[in-house]
Structures are given as structure tokens and as C-alpha cells.
Amino acid sequence: MNKTVKQLIFAVSLPCINLLLTNTLVSAKGTGLIFVSNEKGNTLSVLDSKTNQLINTIDTCGRPRGMHFNLDKTLFYVACADDNQIAVYDVATQELVERILDIEEPETFDLHPNGKILYVSNEEDAMVSFVDLETGEVVKEVEVGEEPEGVLVMPDGSIVFVTSENANMVHVIDTKTGEVLADILVGTRPRRFALTPNGKELWVSAELAGSVNIIDTALLKVTDELLFRPQGFRKDEVTPVDVLITRDGKTAFVALGRANHVAVVDVASKKVKDYLLVGKRAWGLTMTRDEKLLYVANGLSDDLTIIDVQKEKALTSVSVGFVPYAILIDD
Amino acid sequence: MIRKAFGIFCFAGLLSLQSVWGAGKTTLVIGYAELDGDPRYREDRRYAGIEFKPRGRPWPGAKVALRESRIVGRAIGIKFRLEKVSVKSEPELAEAIVRLHEKQNVSFFLVDAPAEALLTVANAAQGKPLLLFNVSESADELRGNQCRPHLMHTIPSYAMLADGLAQYLVTKQWRNLLLLQGKLPRDQAFSQAFRKTAKKFGLKITEEKEFVLSNDPRQRDQNNIALLTTHQSEVVLLVDTDGEFGRYVPYQTVHPRPVVGTEGLIPSAWHWAWERHGAPQLNQRFVKRAKRKMLGPDWAAWAAVKVIVESVLRTKSTDFEKVTGYLKSDRLTLDAYKGTPASFRPWNNQLRQPILLHTHNAVVARAPLRGFLHPTQNLDTLGVTSEGSGCRIED
């Protein structure tokens, strides 16, 4: 108990410092490539961020979903649910480097700030696996609710948050011991996370409740709930999935799934400022490094919508593969 | 200093969580009662190992939902358990339920039995703090004149299934139907639902024929598919709940017409090929346990356990009145794995839910279809409305 409390205090008191560190680690310029995982196409679409043209399609693995860069952005990881593995690609050459095998049905994951451990949600096994990237071994497995999905590691690496879509919970897990510190009840079908840059608020989308719950990371309690209702849509058609908060902590974007919109939220007042029309069943969100453009993956229209963040306006849409899921931008 | 204060704050937060966990484990037992030898699952509806229709008792559906509850239980300090009874007759079924209630204080029961048995059980449970869940009987009377305030339905009614299919036919503008039906009481009940549905959605049943399962040449006008389907309709609406005759109807009609109803395009509560809204994960969990594919009644049993667990979780209570109050209210937001949250209709205790329209290996559409609107709740375009219901449990 005492140990747990100490770790928790540690967890909530350090995030700001660590977040700064992580950000400075990212290299200054990238290849300008955009990678998109296509869940049903079993491919990765590669686009040139200057022209937004498709320049390559890579046959990758069975049901590729969550993706993540390594710390220096030289590699990226792809969760392959139907092949029970994580595929590792070289960013510059777009070549497959390695396959980390025997990871049961990975859906999404997050990387420890030290760059050495992946926290992976195993959708079918109701587990979260801690994967050591050096050895490719699963070093720990933690039992969580059915269909774990969203994974977020606190910037100091002490705690990992995981949603369980089926149990309607956010599990709070100690990364050192694997102990579940708390199970927080949230709205129906929780999916993804975003953390405010000060580390104080954890935003979690609840797909079927049509809401975002805000968890106070110190109290580990839900303190607020945001509801979305773009014009012309009923509550049951609003199914939020991905959430993204800008680096200045002022603005949040929420992909509203079947409502085919992205909500723009003022973080301080928790008010929805605008709803931007995008493609069909918008899930995945990613921003360019300068935060001028927002890319949205539309799973049921097989395209990306590109949004001018300042003007809050969709600029264009680009065709990608069959059921796009996640987007990475190396800029 | 600030950090210290912060720490104390944290500590308080954790303490409250710990106390919830620490609270002595309460166990909530959910009853599951089935009629052994239920004719709907008869093994002899199988010839030389050929299954006419996939069948199976819904018990594994309940088990899958129970397993899903274990982490929920961990968080609120309540353990869920299923207690199953399987008996041979209707009176025994009622007795078993009352006994479990009196001996083990079981208040929530899933019942897998035909309409008459469900009514026997419901009558025996009258006036007691008991809530029964019908997981396999679609008969419309149970949601109409024969409804009971303590009998909930997670399996869709015939009316809902028929309405779901009708919405598709309207969308396609396939409006003229030849109704080809069997003689079984279930065929008659489902056909009656289709007649009402046709009226509701402006479809026309331009001809009705009754088929007979036989090889007798003297009955050829009733057993020969060609002779039965000479009528010029746009669609053949087949109602054969048994399945032996029906499986030969597609491709044997005189005119090239799609077959819908109990073959071809079929409306169901669930299908294994549904691939959205988390369905693949639920299907995989079910297959692992049951060693067969998940069917409508399996889903309904799963849903019944889920609504009980969800209501306990949200009320953080096992008190019968509290849990039932939440369960029956519009606050219930059950993730039905069909995209739209499900809740019970207050006028007849039917779980409102989408209906899947499927072939043997694909879900073609999910009703309510686009364009079918209701003033408040589009799911209520499926099945009887509060005005149209003969049930008066709200009064």
C-alpha cells in the first residue's frame, strides 16, 4: 500500500518535466513520409506529406492497426492483430526490419519514455503485455477487462492507463510491478486517451456513450464529461474514438466516428467550439509537427481528411487503402 | 510543501478506492433455467448428420457474459455467478426457480423455454422480487396481451424481425411478396407478424401458399416448389422455422426471385459474420467456449447477463429494487455489439436493438435502415410502439 502510494505520487508529480524531455528527443527533421495502416487491406499506405500523394503501398500483415514511432523516429511499430505480432519498419527505407512474434491480437500500444518497453493491449486475451523491445520478449502480462484498447503511458513511465471496451473501465497499472492500482468506471465502450500536457487531465473517449470522460490523474476519478451533438445527428450516431490535444494544451480534437465529424474543443472551458465535416466513420487522428494540419483516418470511406487547424476547415481528402486505422507523420 | 499536500490528496483518493475493493466480497447469483427436451432444439431435426439449421442452447452465451464480468466484479467488490437448472416439465421449471429464489436468494433468472413454459414460470413468480429474462422465444403475444411486468425479453420479437426485413425490401422497392409458409404454430406466428409488417411499411403480400413436407404426388400443389412459386411476385417470402423444406426453396422457384425470411436473406438478433462494433471479438470469445458459432439466442442470453451486470455496476448495489429500477430505465446504455446502445421499452419490457439481415455467410444490412425514422428513437421503428402494444404493464 505505502509503496503504491509513493509510486503514484511520483507518477503525478513528474509528468511535466518528462514530457519536455520526450519532446526534445524527437529529431529535428524527418523524411516527410506519412504512413497509414489499413486494417482490412493488410497494407500500409505511404504518402508524401508535401503533395499528399500516395507513393507506395506496402503489404504488411494481417489486420494492421495501432502504430507508433520509436524515440528517434528511425523505426515504427505496427500492431498486426490477425498475425499475433508487431511488425517493425525502418522509416527511411520503408523496409521491414523485424517481426516481434507471439503477441496475442495486438490492437494499440504505447511506448515507455525510455523507448525500451511497449505496452500492448491484447484484444482477445483481455491482457496488457509489456514487451521488451531489445529481446522481443513479453516480460509481463496484466489481466484487464475484455477487449482492452487504448493504452497511454504517463510521461514519467510510472503508470500505464488501459481502456477495456467491454468492462467500461480504465485500468491504472503500475509499470514496475504490473499491479492494477485502480479500475475507474467510465462511459460505455471506452476507446482512446489523450493527456493534457501538464499531465493533470486524462481524456478518454466513450464510444457508445457518445462522450469524453475526463479523469483527474491525481484523484484517479472522473471529474467531467463532454457530450457531442453535431447538427443533424442523434446521440446514438455520435461514436467518439480518437482524441488529440495540442502541445499548448489549449485545443482538443475528438473524432466522432459514425457522426462523420471531428469536434474541436476548448480544453480550458471544456466547450465544443466547432464540428468539422470529414469522411465516413472517422477514428484515427494525427497532427503534423507544426500542428498546422490535422489528418483524420476515415475507416468507411477509405480516405484521409486533411484539416487546416487554424482555419478549422477541411482542405482535401486523399484515398488510401481498405479501412484506414492509424496515421503516422514523419515530418 | 506543495508536494506533500499533493501526496496527502492522492492518498485520500486511493483510500476510497481501496475501501471499495476491501469491502467483503458479495456474490450475486444469476439463475439460468432451461426446459430439458425443449422441442425447439430437437436433435432429430437433423438427418444423417445434416443440420438443417444451426441450433444450440444459449447457455454458452450466458457463460461468456459471466466471464466478461470478472474484472467488473474486481472493481466493485461483487462476484457474479451463474446457477443453472435444467428440468423436464413446465411445473418443475417454475418450482426450480421459486426454490432457488427462496433458498439462495436468487432474483434474476434467464429462462430458455417456449412461450407456454415462460408464462407458467412468470405466473409462479408473480408478486415475488424476481425478474425473468426470456432469451429464446420471439412470440409476439409475450410482448402484447400476454406480457408480464417481471418478464423481460432480450431476444427480438417476430414483429421486430419482420420489420427489419421489411425495411430492407422497402429500400430495394421490392414490394410484392409471395408468402410461402409452413403449418407449424411458429410458422403461423411469424407469418402473422409479416402480414402486420407488410401493412405497416406498405408492402403487398399478393399471394399466400402453405407448403407441406412430403413426396406424395397427390399433394404436389403443396410440396412441389415449382408449383408453389408460379405466382408473379417480386420476392418469395419464406416462413419455415423448422428449415427442412425451406433449404430447397432458393434456386428452385419458377421465376428468378430472391428468397427472404427464414432462408436467403434472414433477419436475426445476431450472426457470426457481423464484423463491426466489436462483434468479431465477441464471436471469437463465444467460439472458444462453445465450439460452435454464435446465434441469436446465444446473443440474447449474453445480453441478459450483461444488462444485469451493467445495472449492478452503475448502481454499485445488489439491491433488487435499485438494480431493477436502473435496468428498466432509459439510463441503461447496453453495448449490444450492434452499434446502437440498447435499453428496454417501458411499455412491454422488450430490449430495443438493431436487427441483422444476413445470408449464410454475410451480414448484408443492419436495421433500422437509413431513412426509417422515429420521433425520438430510431430503434423503435422495429416492433410494436407503445400505442400499438396490447401490453399494459406501464399502467
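Bear in mind that the values here come from a model prediction, so they are computed numbers and not experimental data.

A few points about the overall build of chain A
The helix and strand inventory of chain A stands at two helices and 28 strands. Relative to a compact globule of 331 residues, whose C-alpha radius of gyration would be 20 Å, chain A shows 18 Å and is just as compact. In terms of principal-axis extent, the alpha carbons of chain A reach across some 55 × 45 × 35 Å. Across the 331 residues in chain A, those meeting the buried criterion constitute 64%.

Quick notes on the sheet that holds strand β1 (residues 33-38) of chain A
Adjacent strands of a sheet form backbone hydrogen bonds with each other and so pair up, either parallel or antiparallel. Residues and elements named next belong to chain A. Reading across from one edge, β3-β2-β1-β28 is the order of the four strands in this open sheet, with antiparallel pairing throughout. The open sheet is flanked by β3 (53-59) and β28 (324-330), the only strands paired with a single partner. Averaged over all neighbouring strand pairs, the angle between strand axes comes to 20°, with direction disregarded. Bridge count for β1 against β28 is six bridges, and the pairing is antiparallel.

Some words on the sheet that holds strand β27 (residues 313-319) of chain A
All names here are of chain A. Strand order in the open sheet formed by four strands is β24-β25-β26-β27, and the pairing between neighbours is antiparallel. Only two strands of the sheet have a single neighbouring strand rather than two, namely β24 (282-287) and β27. Averaged over all adjacent pairs, the angle separating strand axes in this sheet is 25°, with direction ignored. Two elements, β24 and strand β25 (residues 293-298), share five bridges in a ladder whose sense is antiparallel.

Section: the side chain of R192(A)
All names here are of chain A. For R192, the position within the fold is in strand β16 (residues 190-195). Reaching out from R192, the side chain makes a polar contact with the side chain of E149 at a distance of 2.5 Å. Separated by 3.0 Å, the side chains of R192 and Y325 make a polar contact. With residues near it in sequence (within four places) discarded, R192 still touches T108, E149, G150, W203, V204, S205, V241, D242, V243, W283 and Y325.

Section: helix α6 (residues 185-201) of chain B
Here α6(B) spans 24 Å end to end across 17 residues, near enough to the 24 Å set by a 1.5 Å rise per residue. Looking one or two places after α6(B), you find G202(B), whose phi comes out positive at around 75°.

Notes on the packing of aromatic side chains
One pass over the structure, following the stated rule, counts 16 aromatic pairs over all chains. Look at F35(A) and F76(A): their rings are 4.3 Å apart centre to centre, the planes differ by 35°, and that puts the pair in the tilted class. Residue F35(A) is found in strand β1, and its partner F76(A) is found in strand β5 (residues 75-80); the two are separated by 41 residues along the sequence. The exposure classification of F35(A) matches that of F76(A), with both residues buried. Taking the centre distance of 6.4 Å and the plane angle of 55° together, the rings of F133(B) and F344(B) count as tilted. Taken together, the positions of F133(B) in strand β6 (residues 131-134) and F344(B) in strand β13 (residues 343-344) put the pair 211 residues apart, joining distant regions of the chain. Here the two residues F133(B) and F344(B) agree in accessibility, since each one is buried.

Let's talk about unusual backbone geometry
Peptide bonds are trans in most cases, and residues, glycine excluded, mostly fall at negative phi. Of the consecutive residues A367(B) and P368(B), the connecting peptide bond is found in the cis state with omega at 5°. Structurally, the position occupied by P368(B) is in the segment after β16 (363-367). For D302(A), which is not glycine, the phi torsion reads 50° and is therefore positive. Along the chain, D302(A) turns up in the loop between β25 and β26 (303-308). Classification of D302(A) by relative accessible area gives partly exposed; the value is 24%.

Examining the environment of A252(A)
Residue and element names in this part refer to chain A. Structurally, A252 is set in strand β21 (residues 251-255). A252 sits in the buried class, given a relative accessible area of 0%. When the C-alpha atoms of A252 and L118 are compared, they prove to be 25 Å apart, with 134 residues separating the residues in sequence. Setting aside residues no more than four positions away along its own chain, A252 makes contact with W203, L244, I245, A263, V264, V265 and V267.

Digging into the confidence of the model for chain A
Averaged over all residues, the pLDDT of chain A is 92; the fraction at 70 or higher stands at 92%. Taken together, the stretch residues 1-27 of chain A has pLDDT below 50 and engages in 49 contacts with residues farther than four places along the chain or on a different chain.

Points about helix α4 (residues 115-125) of chain B
Taken together, the buried positions of α4(B) are occupied by A115(B), A117(B), L118(B), L119(B), V121(B), A122(B) and A125(B). Of the surrounding elements, those touching the buried residues of α4(B) are β1 (26-35), α3 (90-104), β5 (108-112), β6 and β7 (151-153) of chain B.

A look at the state of the cysteines
A full pass over the atoms with the stated rule returns two disulfides over all chains. One disulfide bridge connects C61(A) with C80(A), the sulfur atoms lying 2.0 Å from each other. Residues C61(A) and C80(A) are joined through a disulfide that is left-handed, its torsion about the S-S bond being -75°. Of this pair, C61(A) sits in the loop between β3 and β4 (64-69) while C80(A) sits in strand β5, placing them 19 residues apart in sequence. We note that C61(A), like C80(A), is buried. The disulfide that involves C147(B) links it to C391(B), with 2.0 Å between the sulfurs. Since a negative S-S torsion denotes a left-handed disulfide, the C147(B)-C391(B) link at about 90° is right-handed.

A short note on the pairing of strand β6 (residues 85-90) of chain A
Residues and elements named next belong to chain A. Burial within β6 is extensive, with five of its six residues counted as buried. With six bridges joining them, β5 and β6 adopt antiparallel strand pairing. Across the sheet, residue Y77 finds its bridge partner in β6, namely V88. Where β6 meets strand β7 (residues 96-101), five bridges bridge the pair, whose relative direction is antiparallel. Bridge pairing in β7 places A87 opposite R99.

Quick notes on the environment of R366(B)
Tracing the chain through its elements places R366(B) in strand β16. Along the sequence, R366(B) and S268(B) sit 98 residues apart, while their C-alpha atoms lie 9.9 Å from each other. Ignoring sequence-local partners within four residues, the contact set of R366(B) consists of R258(A), W274(B), H277(B), K338(B), G339(B), T340(B), P354(B), I355(B) and L356(B). Of the polar contacts made by the side chain of R366(B), one reaches the backbone oxygen of K338(B); its length is 2.4 Å. In this structure the side chain of R366(B) is engaged in a polar contact, spanning 3.0 Å, whose partner is the side chain of T340(B).

Rules used throughout
Residues numbered from 1 in each chain as written. Chains lettered and ligands numbered in written order. Predicted model: local features only at pLDDT ≥ 70, side-chain atom pairs only at ≥ 80, totals over all residues. Heavy atoms only, no water. Helix = DSSP H or I, 4+ residues; strand = E, 2+ residues; numbered from the N terminus. Rg over C-alpha atoms; globule rule 2.2 N^0.38 Å. Buried < 20%, exposed > 50% of the residue type's maximum accessible area, 1.4 Å probe, protein only. Pairing = 2+ DSSP bridges. Axes fitted to C-alpha atoms, helices over the stretch in contact; angles between N-to-C directions. Polar contact = N/O pair within 3.5 Å; in protein donor to acceptor, adjacent residues only side chain to side chain. Contact = heavy atoms within 4.5 Å. Expected span 1.5 Å × (residues − 1). Phe/Tyr/Trp six-rings, centres within 6.5 Å; stacked < 30°, edge-to-face > 60°. pLDDT = per-residue confidence, 0-100. Disulfide = S-S within 2.5 Å.

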